[in-house]
Amino acid sequence: MHRTRTSHTRRSLPVLAFGCDYNPEQWPRHIWEQDVQLMRQAGINLVTIGVFSWAMIEPREGERDFTWLDEIIDLLWQAGISVDLATPIASPPPWVGSTYPQTLAVWPNGQRSTWGSRNHFSVASAKYRELCASITADLVHRYAHHPAVAMWHVGNEFGQLCYGPESAQRFREWLTKRYGGLDALNEAWGTAFWSQHYGDFSEVMPPRDTTYLINPAQDLDFKRFSSQAMLELYLEQVDIIRAADPDAIVTTNFMGFFPLVDYHSWAPHVDIVADDIYPDPEAHDAPQVTALTHELMRSLGGSAPWMIMEQAITSVNWRTHNVPKPPARTRLESLSAVARGARGICFFQWRASTAGSERFHSALLPHAGPESQVHRAVRALGAELGDLAQRYRETSLGLRSTVSRARPAPVPSAPADPASGDVNATPANSQMEQDHEPHASSIAAQRVALIFDWPSWWATGQQALPTSELDALKQLKAWHRALWLGGIRADVIAPEADLSGYDLVLVPSLHLLDEAVAGRMLDYAEAGGTLVCGPFTAVADLTNRVYHAPFPAPLRAGVGVAGQEWIPLPKHDAPLRLVTGTPADHPLPGEDYAAQVFVEKLDLDSDTTALLRYAEVDPDPYELTGRAAVTRRAHGRGSLRYVGALLNEVALGDVLEQALRESGIEPLAPSERNPHLDIVPDDLGVYLLNYGHEPAQITRAALEKHLGTPLALPAGLATVTVPPLDAQIIDYANPHTPTLP
């Protein structure tokens, strides 16, 4: 029987969701009631179901079995747990590939994949999309108005490439729209090189395996096309959902800095930015990179509440050596997200699988059962998040993003809670549900922006560059680390974003830059902003064609440098020592500064200042001695700096710290910095997260000076101490929305 419960009001999303993926199809029905009861005890209030359920719903083409899904959704509803219902398109069952082999992805070597894993589909396949639309339409028709369904989850971790015939045809159509005709395509791709000129669009192929290097412009455009093709599939699913329920909240799960999808182009199309994040506990920089990823997700949604859709409670199963995180570490990572605007903390998965490829992936309910140390930690985290929900009732998860949307849907007010008096409409976790209209996001505006561009990342990862050490993400992490150590938060934005609200804009690596965006960057500096650009920036236009001029060509008039040559340094040579330049008004300490791996030979305009120069280089075959490595030039009411080398951490840190101070932003004093202590101010207070195995201390005076506001600490307390793998959340003494450092 089709049960829609249309007489009940749909459950709203929790203020602060605590949830997980759940795969009830892997378990007998008598386990389901146990699971739901344990979820309630743990404080779970949002559960994602159906991600990999296509074979259960449609065991044979055209057949449908929703009885098991009816039962589990009703169980969750009766327990007061909201449902994030997935469209099950991420893993087509074997009958799809067997009956319709054209739905299977083709690898770059031309071989067609097979079933037996997941993500084996081709997003370009018309038949695959038809089958996806069919099962999603039936799913939506059945559950769009079920009161438990608070959100829709389209597919899973989009990132599937295909190089087959249908992909080739769609690629040609995409290129026709982008360039208009073959002449423009040949010009953009530079096909005069190596006799690659195309005489007919039918000759154009995806960049499959070939004898040697592929055309870099072709490769770049195929990555753009593939990201767009996946987005089109996502939007087809969204349209089906919205046709049945215009007010539906729809999203999918991003994967941090994932290389195959340009999330800047996707973000306007999701109602809530959701992320899957699995930091490596063995990586020394994991806390900082986790923080950077959280800032990206917050920025993608325009500082509206976002959520972690997946993370591991302890260990994953897909690394070669899967070191588990202590649950205390997972708590810190969760609090890092909350402090940076997340209003959903979810995990993969609820109950550990006993079969299949993920049987050694950790779960909230591990193989050891509900009395295990891990599950006790889960219940403790649920209780803590329940308390934090009261703190953030004005910035609930149900608040829609304020960013402009390319495909706007009607934006409803937040759904009300089920009417009191109806036993089925009373949430078990009612303290976690919003019972008010959500306000606009109160996440305080950041004063610093980091520019990151997916196409530039793709370009710096290609072959046949001066060096493979110029990866744009690697440079972003290095520059963010300097901010993070100084307690400075930053937005992570696209090159096209509005810069006018920032005091300081950092461009660690922007290989691709056109004249229009470059002009806006120069206008930003002229209006009083501080712009800092890193090496290998503005080298090529958006087609990946290198500017036939001194670099960084489109920015040259502002930065006042004329780059002559890119110089990867011999791998076994010592780093090049740097010394301060001459300006008394912009001094740098100059201790232990070095350039390493890659440098650029720069000539300076007469009004450009060298902040750092190369000390004597011996031997000096590239004539670097005395040349500038880092420069500054006044531009209107602002300034531009150019960093023409990969700097060591101390040099980069001091260069960026100088730019911060010039912008009126004061980082923490070096004596107060701790590489294990994440300091995260938000609107209500400051989070101190100690990832180290020793107590972390910071003086009250330094912290209050850094934050620019007094803290609600006991009188006379001079030093704040955070125990190992622990956190403190300290309120501001005078509640307000501060200007964050």
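Residues numbered from 1 in each chain as written. Predicted model: local features only at pLDDT ≥ 70, side-chain atom pairs only at ≥ 80, totals over all residues. Heavy atoms only, no water.

Caption draft 1: The overall build of the protein chain, seen in detail. Counting secondary structure elements, the protein chain contains 18 helices and 25 strands. For 741 residues, the compact-globule formula gives about 27 Å, and the C-alpha radius of gyration of the protein chain, at 27 Å, lands near that figure. Viewed in the frame of its principal axes, the protein chain has a C-alpha envelope of about 80 × 80 × 45 Å. For the protein chain, with 741 residues in total, the buried portion stands at 61%. Expressed as a percentage of contacts within the protein chain between residues at least 6 apart in sequence, the contacts between residues at least 24 apart total 75%. Counting only carbon and sulfur atoms, one obtains 51% of the accessible surface of the protein chain, whose full area is about 28100 Å². (Helix = DSSP H or I, 4+ residues; strand = E, 2+ residues; numbered from the N terminus. Rg over C-alpha atoms; globule rule 2.2 N^0.38 Å. Buried < 20%, exposed > 50% of the residue type's maximum accessible area, 1.4 Å probe, protein only. Contact = heavy atoms within 4.5 Å. Areas by Shrake-Rupley, 256 points an atom, 1.4 Å probe, with all protein chains shown as cover.)

Caption draft 2: Structural context of the pattern of salt bridges. Within the structure shown, the criterion is met by 39 salt bridges. Between Arg 481 and Glu 649 there is a salt bridge, with the nearest N and O atoms lying 3.6 Å from each other. Here Arg 481 is found in helix H14 (residues 472-485), whereas its partner Glu 649 is found in helix H17 (residues 649-662), with 168 residues between them in sequence. Accessibility expressed as a relative area gives 13% for Arg 481, which makes it buried. A salt bridge links Arg 633 to Asp 607; the nearest nitrogen and oxygen atoms lie 3.1 Å apart. Linking Arg 633 in strand E18 (residues 628-635) with Asp 607 in the loop between strand E16 (594-604) and strand E17 (609-614), this pair joins segments that are 26 residues apart in sequence. Given the relative accessible area of 14%, Arg 633 is considered buried. (Salt bridge = Lys/Arg side-chain N within 4 Å of Asp/Glu carboxyl O.)

Caption draft 3: Seen up close, the pairing of strand E12 (residues 504-507). Burial of E12 is two-sided: the residues Leu 504 and Leu 506 facing one way and the residues Val 505 and Val 507 facing the other way are all buried. Pairing between strand E10 (residues 448-451) and E12: 3 bridges, direction parallel. By the bridge assignment for E12, Leu 450 is matched with Leu 506. Where E12 meets strand E13 (residues 530-533), 4 bridges bridge the pair, whose relative direction is parallel. Bridge pairing in E13 places Val 507 opposite Cys 533. The β-α-β motif built from E12, the intervening helix H15 (residues 515-526) and the parallel element E13 has right-handed crossover chirality. (Pairing = 2+ DSSP bridges. Right-handed = clockwise from strand over helix to strand, strands pointing away.)

Caption draft 4: A look at the packing of H14 against H17. Orientation of H14 relative to H17, taken along the N-to-C sense of each, is 65 degrees, at an axis distance of 9 Å. Once H14 is placed against H17, the crossing between them reads as right-handed. Between H14 and H17, the contacting residues are Ala 478, Trp 479, Arg 481, Ala 482, Leu 483 and Leu 485 on the first element and Glu 649, Leu 652, Gly 653, Leu 656 and Leu 660 on the second. Here the residues of the contact of H14 with H17 sort into 8 nonpolar, 1 polar and 2 charged. (Axes fitted to C-alpha atoms, helices over the stretch in contact; angles between N-to-C directions. Left-handed = near helix turned anticlockwise from the far one by under 90°. Nonpolar A, V, L, I, M, F, W, Y, C, P; charged D, E, K, R; others polar.)

Caption draft 5: Fine view of unusual backbone geometry. Here the residue pair Phe 551 and Pro 552 is connected by a cis peptide bond, since its omega of -5 degrees sits within 30 degrees of zero. Note on placement: Pro 552 falls in the loop between E13 and helix H16 (556-559). Residue Asp 618 is joined to Pro 619 through a cis peptide bond whose omega torsion reads 0 degrees. Notably, Leu 725 is not glycine yet its phi reads approximately 45 degrees, a positive angle. With respect to the helices, strands and loops of the structure, Leu 725 is situated in the loop between strand E24 (719-722) and strand E25 (726-731).

Caption draft 6: Quick look at helix H7 (residues 182-189). For H7, the full list of buried residues reads Leu 182, Leu 185, Asn 186, Ala 188 and Trp 189. Angularly, the buried residues of H7 cover 165 degrees about the axis, an arc narrow enough to put them on a single face. Every exposed residue of H7 that faces more than 90 degrees away from the buried side is listed here: Asp 183 and Glu 187. The elements touched by buried residues of H7 are helix H6 (165-179) and helix H8 (216-244). (Arc of directions from axis to C-beta.)

Caption draft 7: Broad picture of the packing of aromatic side chains. What the rule picks out here adds up to 28 aromatic pairs. Consider the rings of Tyr 278 and Trp 318, whose centres lie 6.0 Å apart with planes at 90 degrees: the pair is edge-to-face. One end of the pair, Tyr 278, is in the loop between strand E7 (274-276) and helix H10 (286-300); the other, Trp 318, is in the loop between strand E8 (306-310) and helix H11 (327-339), and 40 residues separate them in sequence. Tyr 278 sits in the buried class, given a relative accessible area of 18%. Relative to Trp 454, the ring of Phe 452 lies with its centre 5.1 Å away and its plane at 80 degrees, an arrangement referred to as edge-to-face. Grouping aromatic residues by their ring pairs yields a cluster made of Phe 158, Tyr 234, Phe 254, Phe 257, Tyr 263, Trp 266, Phe 452, Trp 454 and Trp 457. Above the plane of the ring of Tyr 392 lies Arg 343, whose end atom (NZ or CZ) is 3.8 Å from the centre. Over the ring of Trp 27 we find Arg 351, and its NZ or CZ is 5.1 Å from the ring centre. (Phe/Tyr/Trp six-rings, centres within 6.5 Å; stacked < 30°, edge-to-face > 60°. Lys NZ or Arg CZ within 6 Å of the ring centre and 35° of its normal.)

Caption draft 8: Local environment of the packing of H11 against helix H12 (residues 373-391). Axis separation between H11 and H12 bottoms out at 10 Å; the angle between their running directions is 20 degrees. Classified by the angle between their axes, H11 and H12 sit roughly parallel to one another. The two elements H11 and H12 cross, and the hand of that crossing is right-handed. Taking contact as the criterion, the partners of Pro 327, Arg 331, Ser 334, Leu 335 and Val 338 in H11 are, on H12, Ala 377, Leu 381, Glu 384, Leu 385 and Leu 388. The class makeup of the residues in the contact of H11 with H12 is 7 nonpolar, 1 polar and 2 charged. (Parallel < 35°, antiparallel > 145°, perpendicular 65-115°, else oblique.)

Caption draft 9: Highlighting the environment of Arg 613. Looking at the element boundaries, Arg 613 is found in strand E17. Separated by 35 residues in the primary sequence, Arg 613 and Leu 578 place their C-alpha atoms 5.5 Å from one another. If we skip the residues at most four places from it in the chain, Arg 613 touches Arg 577, Leu 578, Val 579, Gly 581, Gly 626, Arg 627, Ala 628 and Ala 629. In this structure the side chain of Arg 613 is engaged in a polar contact, spanning 2.8 Å, whose partner is the backbone oxygen of Gly 626. (Polar contact = N/O pair within 3.5 Å; in protein donor to acceptor, adjacent residues only side chain to side chain.)

Caption draft 10: The sheet that holds strand E9 (residues 342-347), seen in detail. Judged by pairing direction, the sheet is parallel, and its 9 strands sit side by side in the order E5-E4-E3-E2-E1-E9-E8-E7-E6 without closing on themselves. Edge positions in the open sheet fall to strand E5 (250-251) and strand E6 (253-254), since each of these has one partner strand only. The strands that H11 touches are E8 and E9; relative to E9, the one it contacts most, it runs at about 150 degrees.

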